[in-house]
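One-letter residues, chain by chain:
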Amino acid sequence: MSAVIKTTTPFVIETVLFDALERVGAEPKLVSSAILHGISQRNQVQAGDILTNRSDYNGRQFFRRQGERWVFLHDSDEYSTRIVGGLADRRYTPISRFLSELSLAYDAAYNQHLETLAEQERLRLVEERKARVEATRKQAIEKAKAQGYSVKEGRNTLGQIQLVLTRTV
């Protein structure tokens, strides 16, 4: 028997998927070539897959990158299902419910990811603005000195740079 379960949210960002899997208690592990040798179902799992603590008739359930998205690979019969590892006391949830919970967690993690990216962009723009102000300040001072002015630098009450140019005749 087989079934196709589609989620409304495509899992496309690995770090966000990891965060979402941790939120739902799936204990994700990225499969490296070193870990691959210790896995009993080596013929199915490949380096680069993301293992979960969920297990079924075919072995551990995992995500594999297919094109631009991560796809959950599992036995659709849900025969011999269990949770393995540190959270073994948790009950096994059916695939459809697990993917629904994961989809919600992924959406929340994705929103947090977007907020982080927006903050990084804001900080980058602030740094660019500071660099432009500093370059303009240096250019103004050099130009004034080239024209024979002495430059006194200060800050006004608004925190803006104020250059006082004086020249004795």
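Small disclaimer: the values here were computed from a predicted structure and weren't measured.

A. Representation of the environment of Gln-44 within the structure. Topologically, Gln-44 is positioned in the loop between α2 (33–36) and β2 (50–56). With 15 residues separating them along the chain, Gln-44 and Gly-59 place their C-alpha atoms 9.2 Å apart. Not counting residues up to four positions away in its chain, the partners in contact with Gln-44 are Asp-49, Asn-58, Phe-62 and Arg-64.

B. Region of interest: the pattern of salt bridges. Evaluation of the coordinates by the stated rule reveals 8 salt bridges. The closest approach of N and O atoms between Arg-64 and Asp-49, which form a salt bridge, is 2.8 Å. With a gap of 15 residues between them, Arg-64 in strand β3 (residues 59–66) and Asp-49 in the loop between α2 and β2 connect regions that are remote in the sequence. Judged on exposure class, the residue Arg-64 and its partner Asp-49 are both buried. With a shortest N-O distance of 2.7 Å, Glu-119 and Arg-122 are connected by a salt bridge. You can see Glu-119 and its partner Arg-122 sitting in helix α3 (residues 95–146), 3 residues apart, about one turn around the helix. For Glu-119, a relative accessible area of 36% translates into the label partly exposed. Linked by salt bridges that have partners in common, Glu-121, Arg-124 and Glu-128 make up one network.

C. Fine view of unusual backbone geometry. A positive phi angle, close to 45°, is found at Glu-27, a residue other than glycine. You can see Glu-27 is positioned in the loop between α1 (14–23) and β1 (29–30).

D. Focus on α1. Among the residues of α1, those classed as buried are Val-16, Leu-17, Phe-18, Ala-20 and Leu-21. Where α1 is buried, its residues touch β1, β2, β3, β4 (69–73) and α3. Residue Gly-25 follows α1 closely and has a positive phi angle near 80°.

Calculation notes
- Residues numbered from 1 in each chain as written.
- Predicted model: local features only at pLDDT ≥ 70, side-chain atom pairs only at ≥ 80, totals over all residues.
- Heavy atoms only, no water.
- Helix = DSSP H or I, 4+ residues; strand = E, 2+ residues; numbered from the N terminus.
- Contact = heavy atoms within 4.5 Å.
- Salt bridge = Lys/Arg side-chain N within 4 Å of Asp/Glu carboxyl O.
- Buried < 20%, exposed > 50% of the residue type's maximum accessible area, 1.4 Å probe, protein only.

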